[in-house]
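# Residue-level structural notes
Here is how the chains run, residue by residue.
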Amino acid sequence: MEKRREKAVLILLRMKHLISIVSFVIAAVLTAAASKPATHEKKHSSTELPAAEKMNLASISKTNPFEIVPAAGMEILEDLGEAESQRMVADMITFAKKHLGTRYVRGGKGPKGFDCSGFTSYVFNQFGYTLNPSSGGQYGQGEKISRDEVQPGDLLFFTGRSAKSGRVGHVGMALSNDPETGEITFIHAAIGGGIRIDRVSAPYYSARYLGARRILGN
């Protein structure tokens with residue numbers, strides 16, 4: 001894993017070096033174009049530029065150097081970003097599991113005691129994400145996703161003790177989603193047992209499930 005990471009970093013450095021070279025060439029072309037004799041500029045002042053010349057100017061007018069990276073290079077950068085994102089989710093889940101068994105405390109924000117939203121806020125905060133302190137507030141953050149789209153790190157929301165209320169009263173963080181069975185496991189702060197792992201298919205949670213939101217990457 002470490003060798004793969006070192007290789008990825010090396011590729012990224014090479015891409016940055018390529019970007020610097022291309023940016024230098026673009027700057028040189030623009031400088032040369034700006035220094036052309038005034039008589040040449042006057043020649044085209046009253047007429048439209050040829051289509052081919054317009055295309056050339058458009059191709060070198062980009063201000064974002066990443067826009068001129070070859071397609072293959074962009075794929076490498078995207079792969080590196082996805083790998084880093086997956087690594088962060090794995091680290092987040094490992095961190096969350098370290099608190100298994102920590103007692104439930106109403107209004108608790110950790111680390112010695114949590115309520116449901118206090119736990120998710122605490123975990124996400126360690127990785128640079130600020131969540132609303134209430135489960136209802138967190139339900140308005142990030143991107144709404146369907147149940148079959150749930151991935152590790154997504155937030156899952158449930159009603160409180162009354163399944164018929166339709167109001168958010170509980171939140172947990174998804175750990176897994178089996179693509180064959182649709183079984184979702186999640187970690188949360190429960191009144192009974194504190195920080196624990198449960199299944200969405202369990203009768204109590206299945207009857208109270210409201211939806212999911214994706215915070216990571218938003």
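Look up a bit, the structure's there.
Description of the structure in this document. Everything quoted here is computed from the prediction, not taken from an experiment. (Residues numbered from 1 in each chain as written. Predicted model: local features only at pLDDT ≥ 70, side-chain atom pairs only at ≥ 80, totals over all residues. Heavy atoms only, no water.)

## Digging into the overall build of the chain
Secondary structure summary: the chain contains 7 helices and 6 strands in total. By the burial criterion, 32% of the 218 residues in the chain qualify as buried. Within the chain, contacts between residues at least 6 apart in sequence are counted, and of these 55% link residues at least 24 apart. For the chain, the computed accessible surface area is about 13700 Å², with 56% contributed by carbon and sulfur atoms. (Helix = DSSP H or I, 4+ residues; strand = E, 2+ residues; numbered from the N terminus. Buried < 20%, exposed > 50% of the residue type's maximum accessible area, 1.4 Å probe, protein only. Contact = heavy atoms within 4.5 Å. Areas by Shrake-Rupley, 256 points an atom, 1.4 Å probe, with all protein chains shown as cover.)

## Topic: the pattern of salt bridges
Where charged atoms from two side chains of opposite charge approach closely, those side chains can pair. One pass over the full model with this rule turns up 3 salt bridges. Of the charged contacts, one joins D154 and R214 as a salt bridge, the two residues approaching to 2.9 Å between their closest N and O atoms. One end of the pair, D154, is in the loop between β1 (143–145) and β2 (155–159); the other, R214, is in strand β6 (residues 209–214), with 60 residues separating them in the sequence. Judged on exposure class, the residue D154 and its partner R214 are both buried. D198 is the partner of R196 in a salt bridge, and the nearest nitrogen-oxygen pair spans 2.8 Å. (Salt bridge = Lys/Arg side-chain N within 4 Å of Asp/Glu carboxyl O.)

## Thoughts on the nonpolar core
Of all hydrophobic cores here, the largest spans 23 residues; its most connected members are F119, V123, F124, L155, M173 and I187. When contributions to this core are tallied by element, the ones reaching two or more residues are α4 (71–97), α5 (116–125), β2, β3 (168–177) and β4 (184–190). Ignoring anything within four residues of it in the chain, the contact list for F119 reads A96, H99, F114, I187, H188, A189 and I195. (Core = buried A, V, L, I, M, F, W, Y, C linked by side-chain atoms within 4.5 Å.)

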